[in-house]
Amino acid sequence: MFGVADLSLSSRLPVELLPEAQRLLRVHKINFELVPNEKQPWIGLWSYPAGEHKIQILDTLTGLDFFETLIHEMAHATKWDKMGRRGQDHGVEWKAEYRRLMKPFLTLKRWTPEEKARFSKPTSKKPVDLEKLKEKYPERTFLIEFNVGQEFIYGGKSYVIKRKGGVNFTCVSSKDPTKRYKLYKLASVLGPSRL
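(A) The arrangement of the pairing of strand β7 (residues 168-173) in detail. Where burial is concerned, most of β7 is hidden: 5 out of the 6 residues are buried. For strand β6 (residues 157-163) and β7, the ladder comprises 4 bridges, and the chain directions are antiparallel. Across the sheet, residue Arg163 finds its bridge partner in β7, namely Thr170. Relative to strand β8 (residues 180-184), β7 runs antiparallel, the two sharing 5 bridges.

Below you can see the structure in the form of C-alpha cells.
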C-alpha cells in the first residue's frame, strides 16, 4: 500500500515536501489513500481499523490544502500512538503533535509569511477553494452553491438545506424532514434539474 501512497503523494504535493511526507507515513506505519469526493462528508479522515493507521483524503484536494489535511490527519495517528483514546480529537495533545509533525516542513524556504503563519496554527477547519474545484471539475455541482431551502440529490437521495455555515451544512431528508444530516459543504451533488 505504501507504493500506491507514494504515487498519490507525488501527484499532489510540491516536490520539496514529498520526501518528508513519505518518511512520516513510513515511520508511523500509516496507510494512505485518496477517495472520491461524491459520497464523503469530510475532506480527510484518520481511522484505526484492525490496529493499523489509515488516512483517507478526498481526491479533489491538491497542493497546500492537501498538504495541510495530510499533516492534520497524521497528527491524529501519532496522538493515538502516544495516548490512545485519552485527550480530545483536536485538543492540546493533538495540537502538539500537529506542530511537531509540521516543524521540519516549516524550515524550508519555500513559504510565504502568510503560508508559514497558516501552517504554524493547527486547526480542525480546512480552507478549500471552490473556484479551484470548479476549474478541475467543471461538470460537477457542489453543495456550497445552493441556498437554504433548496433541494439537491446526494448519494441517490433527496435533501433540503436547512442551515449553512462551517465545514458541514445541516440538511434534512426531503421524504422525512425530521431526519437531519451534516453534509460537507463541498460535497459533489446533483441540482434540482436532476430531481
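(B) Structural detail: the sheet that holds β7. Taking strand neighbours across the sheet as the criterion, the 4 strands line up as β5-β6-β7-β8 in an open arrangement whose pairing is antiparallel. One side of each edge strand has no neighbouring strand; the edge strands of this open sheet are β5 (151-154) and β8. The average undirected angle you get between the axes of adjacent strands in this sheet is 50°.

(C) Region of interest: the pairing of strand β2 (residues 44-47). Judged by which residues are buried, β2 turns out to be one-sided: Gly44 and Trp46 face inward and are buried, whereas Leu45 and Ser47, on the alternate face, are not. In terms of strand pairing, β2 meets strand β3 (residues 53-58) through 4 bridges, oriented antiparallel. Each residue of the ladder has a partner; that of Ser47, found in β3, is Lys54. The antiparallel pairing of β2 with β3 creates a hairpin that spans 5 residues between the two strands, and Ala50 there sits at a positive phi of about 55°.

(D) Broad picture of the packing of helix α2 (residues 18-27) against helix α3 (residues 63-83). Running from amino to carboxyl end, α2 crosses α3 at an angle of 20°, the nearest separation of the two axes being 12 Å. Viewed along their axes, α2 and α3 adopt a mutual orientation that is roughly parallel. Crossing geometry of α2 relative to α3 is assigned as left-handed. Mapping the contact onto sequence places Ala21, Leu24 and Leu25 in α2 and Leu70, Ile71 and Met74 in α3.

(E) Broad picture of the sheet that holds β3. Taken together, 3 strands build an open sheet; the order of strands is β1-β3-β2 and the sheet is mixed. For this open sheet the edge positions go to β1 (30-35) and β2, each flanked by a neighbour on one side alone. Neighbouring strand axes in the sheet, compared pairwise and without regard to direction, differ in orientation by 15° on average. Across the sheet, α3 lies against β1, β2 and β3, angled at about 160° from β3, the strand it touches most.

Cut-offs used in this document
Residues numbered from 1 in each chain as written. Predicted model: local features only at pLDDT ≥ 70, side-chain atom pairs only at ≥ 80, totals over all residues. Heavy atoms only, no water. Buried < 20%, exposed > 50% of the residue type's maximum accessible area, 1.4 Å probe, protein only. Helix = DSSP H or I, 4+ residues; strand = E, 2+ residues; numbered from the N terminus. Pairing = 2+ DSSP bridges. Axes fitted to C-alpha atoms, helices over the stretch in contact; angles between N-to-C directions. Parallel < 35°, antiparallel > 145°, perpendicular 65-115°, else oblique. Left-handed = near helix turned anticlockwise from the far one by under 90°. Contact = heavy atoms within 4.5 Å.

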